[in-house]
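The lines below spell out each chain.
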Amino acid sequence: MGKYECTVCGYVYDEAKGIPEASIGPGTAWADVPEDWVCPLCGATKAEFKKQGESNGILKKKPVSVVEASGDMKDLSPLEASALCSNLARGCKMQYKPEAAALFGEVAAYFKGAASPAKDPDIDKLISLLEKDLEEGFPNANAVASEAKDRGAMRALVWSEKVTRILKSLLVRYQKEGEAMLENADINVCTICGFVYIGDIPPEICPVCKVPNWKFEKVEGR
């Protein structure tokens, strides 16, 4: 009997124990767990689990230098600039820099007001971009941060990778379930790490950064 661990929150499914409260009896093999089952802690799909003791199969890539990476840079759209400045505002707030946080917040609001609504968003493209980040971006960034012994960057990357995994998982679920996935359910976002939870009451503790759920914000205006 094997054990399978969620790469987002660390929840472990033990084939020997099953999950009786979810009608998954002891001895149920991972392959026999329903495909629409999701992690009871964070809501990740089965695809985000890996068997304990096995490699995730992703080859480590040689770090890309800053000079080489800059060749792929492009002008940010107003919406991207708004998101970037919003994140910078949150970062400054966490570092007790209220004046800088307020200024970044103003810039974020300006770019958000200048942004055009998204037209026909392509979920497949979004998922492919997330997969590229998981397969290439994060291994590269982790290698660079590790080489520089930047513990702060490595910690931020751990959180960011887990949040990216849950976003991918939610998009995959939305592809299959459509609007039914969101019916009578709230969308809650952790204000510290960005973890997204679909459901009326978020977990007591954020599955990613472990802060209490009063630090979650409900997305309004859907």
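The rules behind the values
- Residues numbered from 1 in each chain as written.
- Predicted model: local features only at pLDDT ≥ 70, side-chain atom pairs only at ≥ 80, totals over all residues.
- Heavy atoms only, no water.
- Helix = DSSP H or I, 4+ residues; strand = E, 2+ residues; numbered from the N terminus.
- Rg over C-alpha atoms; globule rule 2.2 N^0.38 Å.
- Buried < 20%, exposed > 50% of the residue type's maximum accessible area, 1.4 Å probe, protein only.
- Pairing = 2+ DSSP bridges.
- Salt bridge = Lys/Arg side-chain N within 4 Å of Asp/Glu carboxyl O.
- Patch = residues over 30% accessible without salt bridge, like charges linked within 9 Å, V, L, I, M, F, W, Y side chains within 5 Å.
- Areas by Shrake-Rupley, 256 points an atom, 1.4 Å probe, with all protein chains shown as cover.
- Axes fitted to C-alpha atoms, helices over the stretch in contact; angles between N-to-C directions.
- Parallel < 35°, antiparallel > 145°, perpendicular 65-115°, else oblique.
- Left-handed = near helix turned anticlockwise from the far one by under 90°.
- Nonpolar A, V, L, I, M, F, W, Y, C, P; charged D, E, K, R; others polar.
- Contact = heavy atoms within 4.5 Å.
- pLDDT = per-residue confidence, 0-100.

### What about the overall build of the protein?
Per the secondary structure count, the protein includes five helices and six strands. Each helix and strand of the protein, ordered N terminal to C terminal, gives the series β-β-β-α-α-α-α-α-β-β-β. Its C-alpha radius of gyration of 19 Å places the protein within 12% of the 17 Å reference for a compact globule of 222 residues. Projected onto its principal axes, the C-alpha positions of the protein cover 55 × 45 × 35 Å. Counting all 222 residues of the protein, 31% fall into the buried class.

### Comments concerning the pairing of strand E1 (residues 3-6)
Side-chain alternation along E1 places Tyr4 and Cys6 on a buried face and Lys3 and Glu5 on a face that remains uncovered. With three bridges joining them, E1 and strand E2 (residues 12-14) adopt antiparallel strand pairing. Bridge pairing links Tyr4 to Tyr13 in E2. Bridge analysis of E1 against strand E3 (residues 49-51) gives three bridges, and the strand direction is antiparallel. Within the sheet, the bridge partner assigned to Tyr4 lies in E3 and is Lys51.

### Brief notes about the pattern of salt bridges
If the charged atoms of two oppositely charged side chains come close together, the side chains can form a pair. This model, assessed by the stated rule, comprises six salt bridges. When the shortest N-O distance is used, the salt bridge between Arg165 and Glu161 registers 3.1 Å. Of this pair, Arg165 and Glu161 both sit in helix H5 (residues 151-177), separated by four residues, roughly a single helical turn. What makes Arg165 buried here is its relative accessible area of 14%. Among the ionic pairs, Glu177 bridges to Arg173, the shortest N-O distance being 3.5 Å. With Glu177 and Arg173 both in helix H5 and four residues apart, this pair spans about one turn of that helix. The exposure class assigned to Arg173 is buried, which follows from its relative accessible area of 15%. Members of the salt-bridge network, linked through shared partners, are Glu48, Glu161 and Arg165.

### Overview of a nonpolar patch on the surface
A surface patch of nonpolar side chains, about 330 Å² in accessible area, is lined by Leu76, Leu84, Leu88 and Phe104. Examined against the element boundaries, Leu76 turns out to sit in the loop between helix H1 (66-70) and helix H2 (78-94).

### Some thoughts on the packing of helix H4 (residues 123-147) against H5
Contact geometry for H4 and H5: axes closest at 10 Å, N-to-C directions at 165 degrees. By the angle between their directions, the pair H4 and H5 is classed as roughly antiparallel. Remark: the crossing between H4 and H5 carries left-handed chirality. Looking at the contact of H4 with H5 residue by residue, the classes come out as 15 nonpolar, five polar and five charged.

### Topic: the sheet that holds strand E6 (residues 216-218)
Strand order in this open sheet of three strands is E5-E4-E6, and the pairing throughout is antiparallel. One side of each edge strand has no neighbouring strand; the edge strands of this open sheet are strand E5 (196-198) and E6. Averaged over all pairs of adjacent strands, the angle between their axes in this sheet comes to 25 degrees, without regard to strand direction. Two elements, strand E4 (residues 187-190) and E6, share three bridges in a ladder whose sense is antiparallel. Bridging across to E6, Cys190 finds its partner in Phe216.

### A few points about the side chain of Ser82
Turning to its location among the elements, Ser82 is positioned in helix H2. Contact partners of Ser82, with chain neighbours within four places excluded, come to Ala108, Phe111 and Lys112.

### Some remarks on the confidence of the model for the protein
This prediction gives the protein a mean pLDDT of 87; 90% of its residues lie at or above 70. Confidence, expressed as mean pLDDT per element, reaches its minimum in the protein at H1 with 48 and its maximum at E2 with 96.

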